[in-house]
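# Summary of the model geometry
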Amino acid sequence: MKKQRAFLKWAGGKYALVDTIKQYLPEGEQLIEPFVGAGSVFLNTDYKSYILADINHDLIALFKLLKTNPDQFINDLRLLFNEQNNQSEAFYQLRDVFNGSNDQYLRSLLFVYFNRHGYNGLCRYNSNGKFNVPFGRYKTVYFPEKELYFFAEKAQKAEFICAPYHEVMKKAEQNSVIYCDPPYIPPNKSGGFTSYYSNIFGFEEHENLSKLAEKVAYKKNIPVLVSNHYTDYTMTLYNKASHLYRAEMRRSISCAGGSRKKIDEILALYKKS
């Protein structure tokens, strides 16, 4: 099966790692992703059904709209992708419109526009919940029509939920499989917390997630696969996993002093033998 790209650019997206993830994802009827992001794992697996969740309300609302009304949504979205709107003045005017609007259809259209026209495809909100990613200054901007339609078609097998991971994981039943891709722990544990949406996903949350994965896998017999950076800390964090795999793909991480270093990823599988 040809690898499918998500229609959104996404920090920490799993497109490059998806073949490795599929190797270690157990078989089942349903895949549950509490941290769905742009959905690369969803798009490149073949479960009968999916529960896809995230705490970003704009992201989940967008996915629901695309699932229910793809033709209208994609046609309306195309109107935003023009030369005039690929200028900083237009970008910031539209950002102000987004931040002042409660119209979810309009917000969903602009969410995709910002993803393609904003800096590095980032999704970032300030402490007041206002989207604050700057203009990206791209010479040309790709309109992901093919990817949008593929997502919309596959979304017919999915239920989208805006909820925190611990609520989503409670929905798992027998023959479910859970894949967790939380905001990654910094390569240096002293690097502080990881910011995610307008919430904080810190070390305590990572520890809670590992304990919940253990409980769901060993008490409910529902396998859980978790991704993160490969570090001494994560090796300890996931020491109750039945299997620990070191992913060969290397991610380039920016470090203090402007230098960059390579770091592997870890896949921790919690599965009752």
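All of these numbers come straight from a predicted model, not from anything done at the bench.

When its domains are assigned, the protein chain resolves into domain 1 (15-55 + 163-190 + 199-270) and domain 2 (66-145). Distance from the C-alpha centre of domain 1 to the C-alpha centre of domain 2: 28 Å.

Turning to the pairing of strand β1 (residues 30-33), a few remarks are in order. Neither face of β1 is open: one carries Q30 and I32, the other L31 and E33, and all of them are buried. Both β1 and strand β2 (residues 49-54) contribute to a ladder of four bridges, which runs parallel. Opposite E33, over in β2, you have L52 as the bridge partner. In this structure, β1 lies alongside strand β4 (residues 176-180), joined through three bridges in parallel fashion. Opposite I32, over in β4, you have I178 as the bridge partner.

To continue, consider unusual backbone geometry. In this model, R137 sits at a positive phi of 60°, which is unusual for a non-glycine residue. On the secondary structure map, R137 appears in the loop between α6 (104-117) and α7 (145-154).

The next point concerns helix α4 (residues 70-78). Every buried residue belonging to α4 is among F73, I74 and L77, and all of these are buried. All buried residues of α4 project into a common sector of 95° when viewed along the axis, lining one side. Against the buried residues of α4 lie α3 (57-68), α6 and α7.

This brings us to the pattern of salt bridges. Side-chain pairs of opposite charge can arise where the charged atoms are in close proximity. What the rule picks out here adds up to seven salt bridges. Between K157 and D46 there is a salt bridge, and its shortest N-O distance comes to 3.3 Å. On the criterion of sequence distance, the pair formed by K157 in the loop between α7 and β3 (158-162) and D46 in the loop between α2 (40-43) and β2 is long-range, its members being 111 residues apart. Accessibility expressed as a relative area gives 29% for K157, which makes it partly exposed.

Moving on: the packing of aromatic side chains. Enumeration over the complete set of coordinates arrives at 25 aromatic pairs. Measuring from ring centre to ring centre gives 4.9 Å for F81 and F143, while their planes differ by 65°; the resulting arrangement is edge-to-face. Here F81, found in the loop between α4 and α5 (88-99), pairs with F143, found in the loop between α6 and α7; they are 62 residues apart in sequence, far enough to count as distant. The buried category is assigned to F81, whose relative accessible area is 16%. Among the aromatic residues, ring-to-ring pairing joins F91, Y92, F98, Y113, F114, Y125, F131 and F135 into one connected group. Sitting above the plane of the Y15 ring, K3 keeps its charged end 4.2 Å from the centroid.

Each value, and the rule that gives it
Residues numbered from 1 in each chain as written. Predicted model: local features only at pLDDT ≥ 70, side-chain atom pairs only at ≥ 80, totals over all residues. Heavy atoms only, no water. Domains from an automatic or database assignment. Buried < 20%, exposed > 50% of the residue type's maximum accessible area, 1.4 Å probe, protein only. Helix = DSSP H or I, 4+ residues; strand = E, 2+ residues; numbered from the N terminus. Pairing = 2+ DSSP bridges. Arc of directions from axis to C-beta. Contact = heavy atoms within 4.5 Å. Salt bridge = Lys/Arg side-chain N within 4 Å of Asp/Glu carboxyl O. Phe/Tyr/Trp six-rings, centres within 6.5 Å; stacked < 30°, edge-to-face > 60°. Lys NZ or Arg CZ within 6 Å of the ring centre and 35° of its normal.

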